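# Summary of structural features
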Amino acid sequence: MRDGLRLLVDRYAPADSDEPTPVLIAWSPYGKHGALEWRNWPGHDIDLERLSPYTAFETPDPAYWTAHGYTVIIADARGAWGSEGDVEMFGPGEAAACYDLIEWAGVQPWSTGKVGMSGVSWYSVIQWNVAALRPPHLAAINPFEGFHDPYYEVATHGGIPETQFLPLLGPLIAKTHGQVEDVATNAMNHPFYDDYWKSKVADLEKIDVPAYVVASWSDHGLHTRGTLEGFRRISSPNKWLEVHGRKKWAYYYSEDSLPRQLAFFDHVLKGNATEVAQWPTVRLEVRDRAYTGEVRAESEWPLKRVEYTPLYLDADSGGLLSHAPASRGRLEYDALEGRAVFDHRFDQDTELVGGMALRLWVEADGATDMDLFVGVEKLDTDGNEVNFPFFSTFDDGHVALGWLRVSRRELDEAVSTPERPVLRHQRDLPLSPGEVVPVDIEIWPSGTLFHAGETLRLVVQGHDLNAYDDGLFAQRHAALVNTGRHVLHTGGDRASRLLIPRVPPTA
């Protein structure tokens, strides 16, 4: 690296040829030698029989890619395992070190000078960060589920600290020559969106290399928002987006996904004529049930033809109505254990594709703050919840999730829109006794079909909709401020509403 410290890498090359090849790099903080084993993550659904023993956690399989004429480099990230230095999670030092690796690989005699990047999660996050630095030999990226902004998308959901997933990251990087940044403690020490957090955010508009971006509807609380934001904002003239509704690890290694990854890299790194020339800009799955949905082509993201339609909360009936109730209503629940539910039954098949936004009028009875957890669910015609894959290994997912700590309700007006409110996170605004305030809650993007007779259910409560045992690769929000009772106001001049992204039916 530029400061004289060394990265330790494994290089895999085709055994039957000495000709230079394109290079795929995977940047591994978890140990390039396979320190993490898939059996530690039950429910991943990967067909392990299809992977070679060289496949490290979340990385491309070297046996597959060398068989198709690529050199694969699996690197211990700066400071992690065999590499020297300190582990700076998602920051500029890590991106600079990866830049140096790309440039080294690009000038080796076994390299054609064309370097791409692949891998899931952290291996995608680093792609945003290093591609924004524009290393000359980086010729293609394949961000496969990678958040973009660790504050908004991982550490702090709507102002509520995340307490299970984030603290796991440090211990997963179990061996180091130096120090490992304690992002969980730093998150507590930097509760607002300050320069510490901004230093970890890539300048997406500077990314101009060809990009095949893969996101999912099923990674709310981690990668969904950032992956879609990355595709939307990068400046690459050649970029493609794929959005699925399945488990990210299994999808990355699946028989359906690998040929598309190969077609992309063959096209941009080898110059081969592949199916990529006929790809639509966007390919997305509209979910019906778990592992069932329609995959179709689109020309952009977000979809321009979406009609954002309000459904108004009615405290008296528990309904989501097409018109705001004329008179005020109120509904309250225990802040620690209770919840509020509002239903809308569709009278015709309806597709919802995109983000949602919830405007609530709220009051904290017996408190100066409140944490709100929002879930959008799908109920079948018999009233049973339809679950979807969730967070890599689980099967109890909802349609979509959103979060808000009410003292963080102040919006960044410069970037907020009615369908996508963005919080400033610069100060706390406590509530006064009896104070009723409007709040806007971003609900992360989803793509779901509701058949006629099926129901969209909106859930509002003071705790996570999903809770998992300690130690699991999951999200949790245990540091809550709730006490007393939550009061939701609807109707009249306090018209609470859910804005849904309705796709108009085709003729």
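Summarised in this report is the structure supplied together with it. (Residues numbered from 1 in each chain as written. Predicted model: local features only at pLDDT ≥ 70, side-chain atom pairs only at ≥ 80, totals over all residues. Heavy atoms only, no water.)

## Digging into the pattern of salt bridges
Under the criterion given, the structure shown has 42 salt bridges. A salt bridge links Arg 50 to Glu 255, with the shortest nitrogen-to-oxygen separation between them at 3.8 Å. Of the two residues, Arg 50 is situated in the loop between strand S2 (21-28) and helix H1 (62-67) and Glu 255 in the loop between helix H9 (248-252) and helix H10 (257-269); the sequence distance between them amounts to 205 residues. Classification of Arg 50 by relative accessible area gives partly exposed; the value is 35%. Of the residues examined, Glu 255 reaches a relative accessible area of 58% and is grouped as exposed. Among the charged side chains, a network of salt bridges with common partners joins Glu 153, Glu 205, Arg 225, Glu 229, Arg 232, Arg 233, Arg 420 and Glu 442. (Salt bridge = Lys/Arg side-chain N within 4 Å of Asp/Glu carboxyl O. Helix = DSSP H or I, 4+ residues; strand = E, 2+ residues; numbered from the N terminus. Buried < 20%, exposed > 50% of the residue type's maximum accessible area, 1.4 Å probe, protein only.)

## Some points on the packing of aromatic side chains
Taken as a whole and assessed by the stated rule, the structure comprises 38 aromatic pairs. Ring geometry for Tyr 152 versus Tyr 193: centroids 4.9 Å apart, planes at 75°, classification edge-to-face. Of this pair, Tyr 152 sits in helix H4 (residues 150-155) while Tyr 193 sits in the loop between helix H6 (183-189) and helix H7 (195-198), and the two are 41 residues apart along the sequence. Accessibility assignment for this pair places Tyr 152 and Tyr 193 in one class, buried. Both rings, one in Phe 165 and one in Phe 391, keep their centres 6.0 Å apart while their planes meet at 90°; by these two values the pair is edge-to-face. Placement of the pair is Phe 165 in helix H5 (residues 165-172) and Phe 391 in the loop between strand S19 (388-390) and strand S20 (394-397), with a sequence separation of 226 residues. In this pair, the class of Phe 165 matches that of Phe 391, namely buried. Positioned above the aromatic ring of Phe 231, the side-chain terminus of Lys 239 is 4.7 Å from the ring centre. (Phe/Tyr/Trp six-rings, centres within 6.5 Å; stacked < 30°, edge-to-face > 60°. Lys NZ or Arg CZ within 6 Å of the ring centre and 35° of its normal.)

## Concerning the environment of Val 107
Positionally, Val 107 belongs in the loop between helix H2 (92-106) and strand S4 (111-117). By relative accessible area, Val 107 is classed as exposed at 55%. Residues Val 107 and His 137, 30 residues apart in the sequence, show an inter-C-alpha distance of 8.3 Å.

## So, the pairing of S2
Counting buried positions over the eight residues of S2 gives eight, a clear majority of the element. As paired strands, S2 and S4 are joined by four bridges and run parallel to one another. Each residue of the ladder has a partner; that of Leu 24, found in S4, is Gly 116. With six bridges joining them, S2 and strand S3 (residues 71-76) adopt parallel strand pairing. Its bridge partner being in S3, Leu 24 is matched across the sheet by Val 72. (Pairing = 2+ DSSP bridges.)

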